[in-house]
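Here are the chains, one letter per residue:
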Amino acid sequence: MWRSGLNSRSTTTAQALKEKKWDALVIGSGHNGLTAAAYLARGGLSVAVLERRHVIGGAAVTEEIIPGFKFSRCSYLQSLLRPSVIRELELKRHGLKLLKPTATTFTPCLDGRYLLLGHDDERNYLEISKFSKYDADAFPRYENQLYKFCKLMDFVLDSQAPETLHWDSSFTAWMRDKLEKSVFWAQCLRHVMALGQKDMVNFMDLLLSPTSKVLNKWFESDILKAVLAGDAIVGSMASIHTPGSGYVLLHHVMGETDGERNVWSHVEGGMGSVSTAISNAAIEAGASIMTNAEVSQLMIGNSGTIEGVLLADGTRVRSSVVLSNATPHRTFLGLVPRDALPEDFLRAIENSDYNSGTTKINVAVDKLPWFHCCGSNNTEAGPQHTATIHICSESMDNIGSACQDAQNGLPSKRPVMEMTIPSSLDKTISPPGKHVVSLFTQYTPYKPSDGSWENPTYREAYAKRCFSLIDEYAPGFSSSIIGYDMLTPPDLEREFGLTGGNIFHGATGLDSLFFMRPAKGWSGYRTPVRGLYLCGSGTHPGGGVMAAPGRNAARIALRDFKKHHSCSKAKGN
């Protein structure tokens, strides 16, 4: 039903594309592109979204790869989606339904022990006490400190980076720019002062330190440190010993579900339901969405301004405003003619870090995994099945060794795996009695030194290695597998346009955030090509299904559009 509805809209859009000049075009229907389209359309602009694939959603997508099993093929949990976007676009009215797990993390151990954390502070205390009473006492203090930092992070995430004004040098624009920057820095200072000097020093320590150093200061038990360290390496090739990796620990508590911090929820219908809800909001506001519409080149006039896009089938689509949800690398080195960009800007984009160690494996199974550390083999879903399950993550050494393998050019011998079982809560994505299992595995180099991801035998060997490792904790898992879908870094690049397979559209180190994202001097969503904007995860505030880049970019583009048209009318009069 959903797909046929999308196709009928696409047919109408295909005809309309050739017949009018659009106020704005959005390249790519990832969740950020859809978010940008929704805000632009709500602002009164005529908007068309052009999607290369047959289905919308980008990396926030649900696809039925194996009959009866609906996979969240890339992103797999929701927490970072900004509350402002959920509220302003009325996403719950448009079908978004979040499913809160009964536990947050589950880490089985080979020695028969386990750590199960959830929403009950007293139970968490008892669980951590099994390994260390010292850590059980420290854990609430650790989380409370991170919560304090999140108030400042909320402000930064929802704000546009106060970038230098590039295009318009009029006195009015200059004054408005100065005022907006003054307001931003004044609000930022208020948040810093609210933290106080002690907490601000602790915040800077978290930002600049290696994850291992941060966690070693707080805790003594290896298992708790390893569970928390997993948050700092998601989607990267970085080690837990890399300076600055501590920043990503904030993702542990930065997101929320229905106002509750540190809750990573499943989404009914899979992560594609997030994109569907945003697209419904965009369509209701008047946006058009077209699938199977690959953009091959941006059309740029002699004056260096955007005039539209050229599709792969030769169709020319006209517009003076284009927002790209593609990666900065794909946008500037694939779609924009090289002579339209400054050389220093091109060098910055070319030298951006797109390394990624992620391989995603989506598995269809005929029964729930049984973890031997949990005792009796109950066929019903327990709290552990609804949680994020950490496999091969019993110690910091496990994570460090897995990373070292990849830095030596080899897929990890014992990959760090985050396993989730969304069908433990969501009955709409698998047949009765059967389940969907998501495996987010690290580390896997883009180009392994001992083989190639293009080799089916090599690919299968890695998948079977992961399944065999799970068997060590959940006997019989391999024999329960009906089929699977695997996405290595080159697959993620080819299928979803993620340069280097990087799920965040580029590294999220401190040298690649805020003013430095995607390049120094260009963090404000505008680009060196007038009328071209970036709205994807390669911009501030970065990756994850948060929709902040799409919202922020749309607000900038909408303001520029209205300013330009009001000036044009004034000149016409």
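Residues numbered from 1 in each chain as written. Predicted model: local features only at pLDDT ≥ 70, side-chain atom pairs only at ≥ 80, totals over all residues. Heavy atoms only, no water.

Novice: Would you mind going over the overall build of the protein chain with me for this structure?
Specialist: Check the secondary structure of the protein chain and you find 17 helices and 22 strands. For 573 residues, the compact-globule formula gives about 25 Å, and the C-alpha radius of gyration of the protein chain, at 24 Å, lands near that figure. Expressed as lengths along the three principal axes of its C-alpha atoms, the size of the protein chain is roughly 80 × 55 × 45 Å. Burial statistics for the protein chain: of 573 residues in total, 59% are counted as buried. Long-range contacts, defined as pairs at least 24 residues apart, comprise 73% of the intrachain contacts of the protein chain with a sequence gap of at least 6. A total accessible area of about 23,000 Å² is found for the protein chain, and carbon and sulfur atoms account for 52% of it. In the protein chain, the 59 positive side-chain charges and the 57 negative ones have mean positions that sit 6 Å from each other. (Helix = DSSP H or I, 4+ residues; strand = E, 2+ residues; numbered from the N terminus. Rg over C-alpha atoms; globule rule 2.2 N^0.38 Å. Buried < 20%, exposed > 50% of the residue type's maximum accessible area, 1.4 Å probe, protein only. Contact = heavy atoms within 4.5 Å. Areas by Shrake-Rupley, 256 points an atom, 1.4 Å probe, with all protein chains shown as cover. Lys, Arg positive; Asp, Glu negative; His and termini not counted. Charge placed at Lys NZ, Arg CZ, Asp CG, Glu CD.)

Novice: Explain the pairing of strand 14 (residues 306-311) here, please?
Specialist: Walk down a regular strand and you will see the side chains alternate between the two sheet faces. Both strand 13 (residues 295-300) and strand 14 contribute to a ladder of five bridges, which runs antiparallel. Bridging across to strand 14, L298 finds its partner in V309. Following strand 14, the chain reverses through four residues before pairing antiparallel with strand 15 (residues 316-319); G314 in that reversal takes a positive phi of roughly 95 degrees. (Pairing = 2+ DSSP bridges.)

Novice: How should the pattern of salt bridges be read in this particular structure?
Specialist: Pairing is possible between side chains of opposite charge, provided their charged atoms come close. Overall, the coordinates contain 28 salt bridges when judged by the stated rule. Its salt-bridge partner being E495, residue R53 comes within 3.2 Å of it at the nearest N-O pair. Of this pair, R53 sits in the loop between strand 3 (47-50) and strand 4 (62-66) while E495 sits in helix 16 (residues 489-496), placing them 442 residues apart in sequence. R53 gets classed as buried once you look at its relative accessible area, which sits at 8%. On the basis of relative accessibility, which here comes to 30%, the residue E495 falls in the partly exposed class. (Salt bridge = Lys/Arg side-chain N within 4 Å of Asp/Glu carboxyl O.)

Novice: Explanation requested: the sheet that holds strand 1 (residues 21-22) in the structure shown.
Specialist: Strands belonging to one sheet form pairs held by backbone hydrogen bonds; the direction of such a pair is parallel or antiparallel. Strand order in the open sheet made by the four strands is 1-15-14-13, with mixed pairing throughout. Every interior strand has two partners, whereas the edge strands, strand 1 and strand 13, have only one. Judged from the two bridges that link them, strand 1 and strand 15 form a sheet pairing that is parallel. Across the sheet, residue K21 finds its bridge partner in strand 15, namely R318.

Novice: Would you mind going over the packing of helix 2 (residues 31-42) against helix 10 (residues 272-284) with me for this structure?
Specialist: When two helices pack together, their arrangement is captured by the angle between the axes and the distance separating the axes. Interaxial distance between helix 2 and helix 10 falls to 8 Å at its minimum, and their mutual angle equals 20 degrees. By the angle between their directions, the pair helix 2 and helix 10 is classed as roughly parallel. The interaxial crossing formed by helix 2 with helix 10 has left-handed handedness. For the pair helix 2 and helix 10, the contacting residues are H31, L34, T35, A37, A38 and A41 in the first and S275, I278, S279, A281 and A282 in the second. Looking at the contact of helix 2 with helix 10, its residues break down into seven nonpolar, four polar and no charged. (Axes fitted to C-alpha atoms, helices over the stretch in contact; angles between N-to-C directions. Parallel < 35°, antiparallel > 145°, perpendicular 65-115°, else oblique. Left-handed = near helix turned anticlockwise from the far one by under 90°. Nonpolar A, V, L, I, M, F, W, Y, C, P; charged D, E, K, R; others polar.)

Novice: Before we go on, may I ask you to explain unusual backbone geometry in this structure?
Specialist: Across the chain, the bulk of peptide bonds are trans and the bulk of non-glycine residues have phi less than zero. Look at the link from Q442 to Y443: it is a cis peptide, with omega at 10 degrees. Structurally, the position occupied by Y443 is in the loop between strand 20 (435-442) and helix 15 (456-473). The omega torsion of the bond from R517 to P518 falls at 5 degrees, within 30 degrees of zero and hence cis. Summarising the element assignment, P518 is placed in the loop between helix 16 and strand 22 (532-534).

Novice: What is the right way to read the sheet that holds strand 17 (residues 359-365) from this model?
Specialist: What the seven strands build is an open sheet, ordered 8-7-18-19-20-17-21; its pairing is mixed. The sheet terminates laterally at strand 8 (114-117) and strand 21 (481-487), the two strands that pair on one side only. Across the sheet, the axes of successive neighbouring strands diverge by a mean angle of 20 degrees, strand direction being ignored. Across five bridges, the pairing between strand 19 (residues 416-420) and strand 20 is antiparallel. Considered in strand 20, the bridge of M417 is made with T441. Taken strand by strand, helix 8 (residues 222-233) contacts strand 7 (105-108), strand 8, strand 18 (388-391), strand 19 and strand 20, and its axis lies near 60 degrees from that of strand 8. Sheet strands touched by helix 15: strand 7, strand 17, strand 18, strand 19, strand 20 and strand 21. Its angle to strand 21, the strand with the most contacts, is close to 125 degrees.

Novice: What is the right way to read the confidence of the model for the protein chain from this model?
Specialist: If pLDDT is low for a region, its predicted coordinates should not be looked at in detail. Here the protein chain averages 91 in pLDDT, while 95% of its residues score no lower than 70. Low pLDDT, under 50, characterises residues 1-12; the predicted model gives this stretch 14 contacts beyond four residues in sequence or across chains. (pLDDT = per-residue confidence, 0-100.)

Novice: What is the right way to read the packing of aromatic side chains from this model?
Specialist: Both the distance between ring centres and the angle between the ring planes are used here to describe each pair of aromatic rings. Counted according to the given criterion, the structure contains 19 aromatic pairs. Ring centres 6.4 Å apart and planes at 35 degrees place the aromatic pair W218 and F219 in the tilted group. The class for F219 is buried, based on a relative accessible area of 3%. On the numbers, 5.7 Å between centres and 85 degrees between planes, the contact of W453 with Y462 is edge-to-face. With respect to burial, W453 and Y462 carry one shared label: buried. The ring of Y114 has K130 sitting right over it, with the charged end atom 4.0 Å from the ring centre. (Phe/Tyr/Trp six-rings, centres within 6.5 Å; stacked < 30°, edge-to-face > 60°. Lys NZ or Arg CZ within 6 Å of the ring centre and 35° of its normal.)

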